[in-house]
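# A structural walkthrough
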Amino acid sequence: LAKSQDGAQAKKLAVEVASSEKVPTAMRDEALRLAEQRDMEGKPLQLPGIDFNKYKGKPLLLYTWTSKRPDIFESVRQWSRDGVECVGINLDTDSDIARSLVLKTKPPGTQLYEKPGGPIIQALKSGSAPVIYIFDDKGILRDTNGYVNTRGKLKQLVEDKKGKS
């Protein structure tokens, strides 16, 4: 469900799974979370600690990560070079480990540190990493499934912005 290219289809399947009594509770809960995540698309979000006005005028990629999966930084570097602003949200329970990794690897953009289940993660309806959210140049959430064809989606937003200038 989470990796489906078609957001509407992914939401439809998630709702079906969440509604089924034959599916284990944990799976129903996850399906419901995915459906709620898809409902956020097309809307501006208010997230604690993130000033979206700071990023207006450029597409924004917001991603979650952990020190066990820092491989996302290489992709973030490329997306940043493509003209996209990036904000990483670390989900490690020990932020000292994460801060040390950031000092060593120097990923582009802003890094925030939030324990799993914190207010930003709750608002994003996320609980895992990596998860990628794509916002347009006006701060509207365009995609909660950003790790599928990320580069193509970001490239389209950058081109759309250039076409309007």
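Above this text you will find the structure in question.
Residues numbered from 1 in each chain as written. Predicted model: local features only at pLDDT ≥ 70, side-chain atom pairs only at ≥ 80, totals over all residues. Heavy atoms only, no water.

Turning next to the overall build of the protein chain. When helices and strands are tallied, the protein chain shows six helices and five strands. Taken across its 165 residues, the protein chain has 43% of its residues classed as buried. Sequence separation of 24 or more characterises 66% of the internal contacts of the protein chain that already satisfy a separation of 6 or more. (Helix = DSSP H or I, 4+ residues; strand = E, 2+ residues; numbered from the N terminus. Buried < 20%, exposed > 50% of the residue type's maximum accessible area, 1.4 Å probe, protein only. Contact = heavy atoms within 4.5 Å.)

Bringing the environment of glutamine 78 into the picture now. Note that glutamine 78 resides in helix α3 (residues 72-81). A residue is classified by how much of its surface remains accessible, and glutamine 78, at 24% relative accessible area, is partly exposed. In this structure the C-alpha to C-alpha distance between glutamine 78 and proline 108, which are 30 residues apart in sequence, comes to 9.5 Å.

Bringing the sheet that holds strand β2 (residues 85-90) into the picture now. Read from one edge to the other, the open sheet built from five strands follows the order β3-β2-β1-β4-β5, with strand pairing classed as mixed. Edge positions in the open sheet fall to β3 (110-113) and β5 (141-143), since each of these has one partner strand only. Strand-to-strand, the axes of this sheet are offset by a mean angle of 25°, without reference to chain direction. On the sheet, α3 packs against β1 (60-65), β2, β3 and β4 (132-135) and is oriented at approximately 170° with respect to β1. Lying on the sheet, helix α4 (residues 95-105) is in contact with β1, β2 and β3; it crosses β3 at an angle near 165°. (Pairing = 2+ DSSP bridges. Axes fitted to C-alpha atoms, helices over the stretch in contact; angles between N-to-C directions.)

Turning to empty space enclosed by the protein, a few remarks are in order. Evaluated as defined, the whole model comprises one cavity of 30 Å³ or more. Put simply, the largest cavity is a space of about 40 Å³. A per-class count over the lining of the largest cavity returns four nonpolar, one polar and three charged. (1 Å grid on protein atoms, 1.4 Å probe; cavity = no way out; pocket = protein on both sides within 12 Å on 5 of 7 lines; lining within 4 Å. Points joined across faces, edges and corners; volume = space filled by probe spheres on them. Nonpolar A, V, L, I, M, F, W, Y, C, P; charged D, E, K, R; others polar.)

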